Each structure stands twice: as structure tokens, then as C-alpha cells.
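Residues per chain are reported as follows:
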Amino acid sequence: MRTELASEPGDADRPNEDFAAVGLPASGQGGSVVVLDGVTPPKGGTGCLHSVPWFTARLGGALTELTVSLPDVPLADALSHAIARTAAAHAATCDLSHPRTPQATVVVARWDPATVEYLVLSDSALLVESPEGVVTAVLDDRLALLPRSALATDALVDATLRNKEGGFFTAAADPSVAARAVTGTLSRGKVRALAALTDGAGRWVERFGEGDWTDCFRLVRKEGPQALVDRVRALERSDAARTSLGRSKTHDDATVVYAEL
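Residues numbered from 1 in each chain as written. Predicted model: local features only at pLDDT ≥ 70, side-chain atom pairs only at ≥ 80, totals over all residues. Heavy atoms only, no water.

## Describing the overall build of the protein chain
A count of helical and extended segments in the protein chain gives six helices and 10 strands. Computed over its C-alpha atoms, the radius of gyration of the protein chain comes to 18 Å, within 12% of the 18 Å expected for a compact globule of 261 residues. Taken along its principal axes, the extent of the C-alpha atoms in the protein chain is 50 × 45 × 35 Å. Across the protein chain, contacts joining residues at least 24 apart in sequence account for 70% of those joining residues at least 6 apart. (Helix = DSSP H or I, 4+ residues; strand = E, 2+ residues; numbered from the N terminus. Rg over C-alpha atoms; globule rule 2.2 N^0.38 Å. Contact = heavy atoms within 4.5 Å.)

Here's what the structure looks like:
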């Protein structure tokens with residue numbers, strides 16, 4: 001098995017809010033990939049004493065451990081357990097009911113000799129390549145399908161859409177949100193390689209339109225995850241008029257994990 005990982009903060013003066021890990025069980029059979037994109041809160045507080053990087057490290061660490069140590073537990077249940085464990089770590093000191101309590105998008109893939117399982121929650125992406133070279137993007141597109149008018153302000157999003165029916169869902173403090181994730185299982189023989197991307201890296205496709213998901217996957221396979229991050233950074237710097245970025249931050253944390261199974 002071959003794995004490569006690249007993760008870079010959007011701003012060198014701020015901590016990287018992404019999390020990425022590859023888990024390999026001691027048995028040597030199978031493995032897992034976990035990628036989280038911490039949600040940067042607006043100014044005004046989150047009701048929590050802890051930073052987003054603290055949260056993503058806790059949640060990502062728990063999820064990586066559970067995907068390996070509990071191979072028979074479905075990924076949605078593993079995510080639910082990881083959310084509950086993380087929430088318990090700061091429930092006594094923080095207001096976990098706050099709409100901006102630390103939270104993250106989630107991508108998980110886990111494989112063994114027979115199957116490949118996947119889970120995607122919110123706007124990060126999982127790309128799956130078949131032995132024939134066909135690339136399939138596994139996406140949770142609920143946020144992308146919302147009308148721009150519904151996303152006009154952070155306050156409006158928090159009040160009407162964030163972790164609400166008819167809106168979109170992220171991993172925060174409620175374990176039940178795991179049941180909202182996009183999940184599935186593939187035959188191991190139908191998967192040659194995987195790539196997990198936070199939306200900061202996915203900008204190459206979704207914001208700048210440099211190619212489709214197949215083009216993106218082939219770039220990562222040929223040149224490596226860092227090459228995709230570098231190209232995104234160059235595109236961000238060249239978009240001085242913010243034609244492609246709109247209201248989005250100029251540079252976002254960008255993470256890519258590639259795994260050949």
C-alpha cells in the first residue's frame with residue numbers, strides 16, 4: 001500500500017484547522033483514512049474555551065482509533081462514538097449547544113481484504129478510482145445546493161441551516177448527526193486508489209474550474225498531494241479580483257490524502 005499526505009494552513013500565522021491521518025491495524029489487513037476540515041467560526045464567540053484545532057485533533061484522533069480498533073462497527077457509528085467522546089471532554093466547561101461550538105466536516109474511508117467503506121459529511125470530498133481508472137466523487141452536496149440568498153450572513157445560516165433539517169450538517173457535539181452522513185460500501189476489488197480532500201484543496205475543481213474530479217485525481221496520483229495544494233495556492237494568489245473566490249477567504253487550509261490500496 002502507498003499513502004501520501006499534504007496539509008497546509010491557509011495563513012502561516014494561524015494554526016491549521018484541518019486534521020488528517022492514516023490508520024493501519026496491527027494485523028496488517030486493511031486500513032483507514034480520516035480527514036477533517038475544522039469550521040472557522042466568525043467573530044463573536046463559540047461558547048467554547050477550546051480552539052478549532054483542539055477540537056479537530058480530539059475528534060480526528062478518536063475517529064482514527066475507532067476505525068481501526070472496531071473494524072466491525074459501521075463508520076457512522078464510529079463517528080457517533082467519536083463525537084460523543086469529544087463532547088464529553090469539554091461538556092463541563094463549554095456551551096455545546098452554541099450553534100458555533102467547534103465543528104468539522106468529515107471524510108472517512110476504511111478497507112479490508114473484502115470491502116471499502118466510506119463516509120462523507122459536509123463539503124469535503126472523497127475520490128474513488130476503479131481498477132479501470134474510472135474516478136467517482138463521493139460528495140455530500142447539501143450545502144452546495146442551498147440558494148446563495150440563504151447563505152447571506154453567518155447569523156442567518158446559524159439560525160436556519162447549520163445542523164438543521166433542510167440545511168446541512170457538520171460534526172459538532174451531537175452524536176446523532178453521524179446518521180446524516182453519506183455512507184456506502186464497495187467491493188474491495190472495485191477500488192484501486194482513494195483521495196480525500198478538504199474543500200481548500202477541492203477549490204482546484206469547485207472554485208477555479210481547472211478540471212473535473214477525474215483530472216484532480218490524476219494530478220494527485222501523478223504529482224502527489226503537495227502538487228495539488230501548490231497549484232491551488234498559485235490560483236488563489238492570481239485571483240486578485242476574487243472573481244472565483246467571492247466571499248470566501250483568500251487562502252483556506254488545504255489537505256489531501258492519497259492511498260493506493
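## Thoughts on the sheet that holds strand E6 (residues 125-129)
Pairing in this open sheet of five strands is antiparallel, and the strands run E1-E10-E9-E6-E7 from one edge to the other. Edge positions in the open sheet fall to strand E1 (2-8) and strand E7 (135-139), since each of these has one partner strand only. With direction set aside, neighbouring strand axes in the sheet form an average angle of 10°. Examined bridge by bridge, E6 and strand E9 (residues 193-197) share five bridges and lie antiparallel to one another. Counterpart to Leu-126 in the pairing with E9 is Ala-196. Contacts between helix H4 (residues 199-206) and the sheet are confined to E9 and strand E10 (254-260), with E10 contributing the most and set at about 85° to the helix. Where helix H5 (residues 213-223) meets the sheet, its contacts fall on E1, E6, E7, E9 and E10, and the angle it forms with E6 comes to roughly 75°. (Pairing = 2+ DSSP bridges. Axes fitted to C-alpha atoms, helices over the stretch in contact; angles between N-to-C directions.)

## Observations regarding helix H6 (residues 225-238)
Spanning 14 residues, H6 covers 21 Å between terminal C-alpha atoms, matching the ideal 20 Å at 1.5 Å per step. If you follow the buried residues of H6, they end up packed against E1, E9, H4, H5 and E10. (Expected span 1.5 Å × (residues − 1).)

## Remarks on the pattern of salt bridges
This structure, assessed with the given rule, holds 17 salt bridges. As a salt-bridge pair, Arg-2 and Glu-4 come within 2.4 Å of each other at their nearest N and O atoms. With a relative accessible area of 28%, Glu-4 lands in the partly exposed category. Sharing partners across several salt bridges, the network here consists of Glu-8, Arg-203, Arg-233 and Glu-236. (Salt bridge = Lys/Arg side-chain N within 4 Å of Asp/Glu carboxyl O. Buried < 20%, exposed > 50% of the residue type's maximum accessible area, 1.4 Å probe, protein only.)

## Notes on the pairing of strand E5 (residues 115-121)
Taken across its seven residues, E5 has six buried, putting it largely inside the fold. Here strand E4 (residues 104-111) pairs with E5 via six bridges, running antiparallel. Its bridge partner being in E5, Trp-111 is matched across the sheet by Val-116. Count of turn residues in the E4/E5 antiparallel hairpin: three residues. For E5 and strand E8 (residues 182-187), the ladder comprises six bridges, and the chain directions are antiparallel. Looking at E8, one finds that Val-116 is bridged to Leu-186.

## Some thoughts on the sheet that holds E8
Read across the sheet, five strands follow the order E2-E3-E4-E5-E8 without closing on themselves; strand pairing throughout is antiparallel. At either margin of the open sheet sits one strand with a lone partner, and together these are strand E2 (18-23) and E8. Put simply, the sheet's adjacent strands are angled 5° from each other on average, direction ignored. The strands touched by helix H1 (residues 52-69) are E2, strand E3 (31-38) and E4; relative to E3, the strand with the most contacts, the crossing angle is about 160°.

## Some remarks on the environment of Val-135
Within the fold, Val-135 resides in strand E7. Separated by 106 residues in sequence, Val-135 and Gln-29 have C-alpha atoms that sit 24 Å apart. In this structure Val-135 touches Leu-127, Val-128, Glu-129, Trp-213, Thr-214 and Phe-217, once residues within four positions along its chain are discounted.

## Considerations on the side chain of Asp-253
By the element assignment, Asp-253 lies in the loop between H6 and E10. Among buried Asp, Glu, Lys and Arg side chains, Asp-253 stands out as unpaired, with Arg-233 the closest opposite charge at 5.6 Å. A distance of 2.7 Å separates the side chain of Asp-253 from the backbone nitrogen of Gly-10, its partner in a polar contact. Side-chain polar atoms of Asp-253 contact the backbone nitrogen of Glu-17, separated by 2.8 Å. In contact with Asp-253, other than residues within four places in its own chain, are Glu-8, Pro-9, Gly-10, Pro-15, Asn-16, Glu-17, Asp-18, Thr-198, Gly-200 and Arg-233. (Lys, Arg positive; Asp, Glu negative; His and termini not counted. Polar contact = N/O pair within 3.5 Å; in protein donor to acceptor, adjacent residues only side chain to side chain.)

Taken by themselves, the reported measurements are silent on function.
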